[in-house]
Amino acid sequence: MSRAIALVNATGIIIGVSYGMHGPILPVFSSVAIGASYAELGLIGLANFVPYMFVPLLVGLLLDRFGSARLLIVGVAINATSLYLLSAAQSVPEIMALRAMTGVAHAFFWPPSEAILSEYSPRGARVKNIARFTGLFVGGFTVGPLLASLMLAGAGEDGAAYRDVFAMSGYVLAAALVTSIPLSRARTRERVQKWSLAAFRRIMAFPEVIAMLLYLTAAFGMVLTIYPAFLHERGIGDVEIGVLFFAFGISRIVSLFTAGRLAQRRGLTMSTVTASIAGALLLSFFADGMAAFAAAMLLMGFGFSVFFPLTLDIVLGRAARGEEGSMIGVYETIFGIGWTAGPLAAGLISQHWGGAAPYAAFFAAGAAVTAMAVARRGRLEARGRANP
């Protein structure tokens, strides 16, 4: 493993811990301490993810002009600042503004990390390295909720304990500067980079992958921004929510470290992924206790992990020399569109038809996407053979 990949992996772990500490409790804090409705929770998620619809395109352009490492450092600094300021937020608009800041920062974290991994991965090892990086990030995300649960144990619902967690998560994220700054001094390979509209045309050659990506990211956005409040409404306490997200993380880690093998059967794997998410959301609709929610989280952990390295590898496999940054920017923009649509749709559906309604609606959409994935399985398998 190269020094650059090791440093990116270490950065991913630290940022994952910070995300895991504050992410699952933010919807609970917003609803309990601030009084946010389901619709407002959807708007908070919208504010977080809207920047990811546009900023990755800018980052894709900047990647090849200023270097991935420098942009990664910028992202870490902005992210740490936004999380620390979150500890002082007093209203839904303030939270929305700070989550928008976090969304911008995330666009300066993930695409540069992908670019570094792609650059330093030997031929045929890209899926493995991206999956390992994501697995390490998720490993940090898995530890984070447990740390937050320890800080929240025995605390009331006045918001003070939540604010302490937000401040601490900001300090943790700032520690990622220790591992990201040395990346700016790492040796880089000579590359001829360019920004080209051809990146859009190349990605449009994967309509079935785009459809699955939009559905899975929309569902993922809903789970990150709405699901914890739904769990709280169903009587699951803060500590138990942390335990459920710990199980979610363990499932993601195990799945990610099998991604290399699963990549050999892309068509079957992608069909299974969409089916697992749809099934987990249907189970969530009926669930009323820890056991059922734990089963749903384990299923979602599998689905929300495996699709990412596989779809990214398919897209990058068609990139011309020098187009990697542009392709990553377009790919992450599609990711952001799904992330943005999911929380907004789930918040509005919850507000009008009840907290459980989005999970039935997303199950129906998932069933349709699964049927399409099965019908297109042969095409996906062919593309998998064309992009080893």
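Every value quoted in this text rests on a predicted model; they were computed, and no experiment measured them.

**Brief notes about the overall build of the protein**
No. 1: Each helix and strand in the protein was counted, giving 20 helices and 0 strands.
No. 2: Looking at the 388 residues of the protein, the share that counts as buried comes to 59%.
No. 3: Counting contacts in the protein only where the partners sit at least 6 residues apart, residues at least 24 apart contribute 87% of the total.
No. 4: Working note: accessible area of the protein is about 14,300 Å², and carbon and sulfur atoms make up 66% of it.

**Observations regarding the packing of aromatic side chains**
No. 1: Within this structure, the stated rule accounts for 23 aromatic pairs.
No. 2: Relative to F137, the ring of W110 has its centre 5.1 Å away and its plane inclined at 80 degrees; by these criteria the two rings are edge-to-face. Remark: F137 occurs in helix α8 (residues 126-152) and W110 occurs in helix α7 (residues 110-120); sequence separation between them is 27 residues.
No. 3: W110 sits in the buried class, given a relative accessible area of 8%.
No. 4: Ring pairs connect the aromatic residues F49, Y52, F220, F245, F248, F304, Y331, F335 and W339, which therefore count as one cluster.

**Notes on the side chain of T142**
No. 1: Relative to the helices and strands, T142 resides in helix α8.
No. 2: Within the structure, T142 has its side chain in polar contact with the backbone oxygen of G249 (distance 3.5 Å).
No. 3: Once residues lying within four places of it in the same chain are set aside, the contact partners of T142 are F246, G249, I250 and I253.

**A look at the confidence of the model for the protein**
The predicted coordinates should not be examined in detail at positions where pLDDT is low.
No. 1: Looking at the protein, the pLDDT average stands at 83 and 86% of residues meet or exceed 70.
No. 2: Mean pLDDT across the secondary structure elements of the protein bottoms out at helix α20 (residues 377-386), with 54, and peaks at helix α6 (residues 92-107), with 93.
No. 3: A low-confidence stretch, residues 188-193 (pLDDT under 50), is modelled with 14 contacts involving residues beyond four sequence positions or located in other chains.
No. 4: Here residues 384-388 is modelled with pLDDT under 50, and outside its nearest four sequence neighbours on either side it reaches 8 contacts, counting other chains as well.

**Some thoughts on the environment of E94**
No. 1: Mapped onto the elements of the fold, E94 is located in helix α6.
No. 2: E94 gets classed as partly exposed once you look at its relative accessible area, which sits at 37%.
No. 3: In this structure E94 touches A88 and A89, once residues within four positions along its chain are discounted.

**Remarks on the environment of G135**
No. 1: Secondary-structure assignment places G135 in helix α8.
No. 2: The exposure class assigned to G135 is buried, which follows from its relative accessible area of 2%.
No. 3: A C-alpha to C-alpha distance of 8.4 Å links G135 and S255, two positions 120 residues apart in sequence.
No. 4: With sequence-adjacent residues up to four places away left out, G135 is seen in contact with I253, L256 and F257.

**Overview of the nonpolar core**
No. 1: Ranked by size, the top nonpolar core spans 114 residues in total, and within it Y227, L281, M300 and F304 carry the most contacts.
No. 2: The greatest single-element share of this core, amounting to 13 residues, is contributed by helix α17 (residues 290-316).
No. 3: Not counting residues within four places of it along the chain, the set of residues in contact with Y227 comprises M222, S284, F293, A296, M297, M300 and Y359.

**Some thoughts on helix α9 (residues 160-174)**
No. 1: Taking 1.5 Å per residue, 15 residues should reach 21 Å; α9 reaches 22 Å between its end C-alpha atoms and fits that length.
No. 2: For α9, the full list of buried residues reads A161, Y162, R163, V165, F166, A167, S169, G170 and L173.
No. 3: Those residues of α9 hidden inside the fold are in contact with α1 (3-22), α2 (26-32), α5 (68-86), α8, α10 (177-180) and α14 (238-256).

**A word on the packing of α5 against α7**
No. 1: Look at α5 against α7: their axes get within 8 Å of each other, and the N-to-C directions meet at 150 degrees. Compared by their axis directions, α5 and α7 come out roughly antiparallel. Remark: the crossing between α5 and α7 carries left-handed chirality. Counted together, S68, A69, L71 and L72 of α5 and P112, S113, A115 and I116 of α7 form the full contact between these two elements.
No. 2: A per-class count over the contact of α5 with α7 returns 6 nonpolar, 2 polar and no charged.

**Quick look at a nonpolar patch on the surface**
No. 1: On the surface, L146, V239, V243, F246, I250, V254 and M290 cluster together to form a nonpolar patch covering roughly 500 Å² of accessible area.
No. 2: By residue number, the principal contributor to the nonpolar patch is α14, which donates 5 residues.
No. 3: In this fold, M290 is placed in helix α17.
No. 4: Among the residues examined, M290 registers a relative accessible area of 31% and is labelled partly exposed.

**Some words on the packing of α8 against α9**
No. 1: Running from N to C, α8 and α9 point in directions that differ by 140 degrees, and their axes come no closer than 9 Å. Taken together, α8 and α9 sit at an angle that is classed as oblique. As for how α8 packs across α9, the hand of that crossing is right-handed. Contact residues: A148, M151 and L152 in α8; A161, Y162, D164, V165 and M168 in α9.
No. 2: Grouping the amino acids of the contact of α8 with α9 by side-chain chemistry returns 7 nonpolar, no polar and 1 charged.

**Some points on α1**
No. 1: End to end, α1 covers 29 Å across 20 residues, agreeing with the expected 28 Å (1.5 Å per residue, within 8%).
No. 2: Summarising burial for α1: 15 of the 20 residues are buried, a large majority.

Cut-offs used in this document
- Residues numbered from 1 in each chain as written.
- Predicted model: local features only at pLDDT ≥ 70, side-chain atom pairs only at ≥ 80, totals over all residues.
- Heavy atoms only, no water.
- Helix = DSSP H or I, 4+ residues; strand = E, 2+ residues; numbered from the N terminus.
- Buried < 20%, exposed > 50% of the residue type's maximum accessible area, 1.4 Å probe, protein only.
- Contact = heavy atoms within 4.5 Å.
- Areas by Shrake-Rupley, 256 points an atom, 1.4 Å probe, with all protein chains shown as cover.
- Phe/Tyr/Trp six-rings, centres within 6.5 Å; stacked < 30°, edge-to-face > 60°.
- Polar contact = N/O pair within 3.5 Å; in protein donor to acceptor, adjacent residues only side chain to side chain.
- pLDDT = per-residue confidence, 0-100.
- Core = buried A, V, L, I, M, F, W, Y, C linked by side-chain atoms within 4.5 Å.
- Expected span 1.5 Å × (residues − 1).
- Axes fitted to C-alpha atoms, helices over the stretch in contact; angles between N-to-C directions.
- Parallel < 35°, antiparallel > 145°, perpendicular 65-115°, else oblique.
- Left-handed = near helix turned anticlockwise from the far one by under 90°.
- Nonpolar A, V, L, I, M, F, W, Y, C, P; charged D, E, K, R; others polar.
- Patch = residues over 30% accessible without salt bridge, like charges linked within 9 Å, V, L, I, M, F, W, Y side chains within 5 Å.
- Salt bridge = Lys/Arg side-chain N within 4 Å of Asp/Glu carboxyl O.

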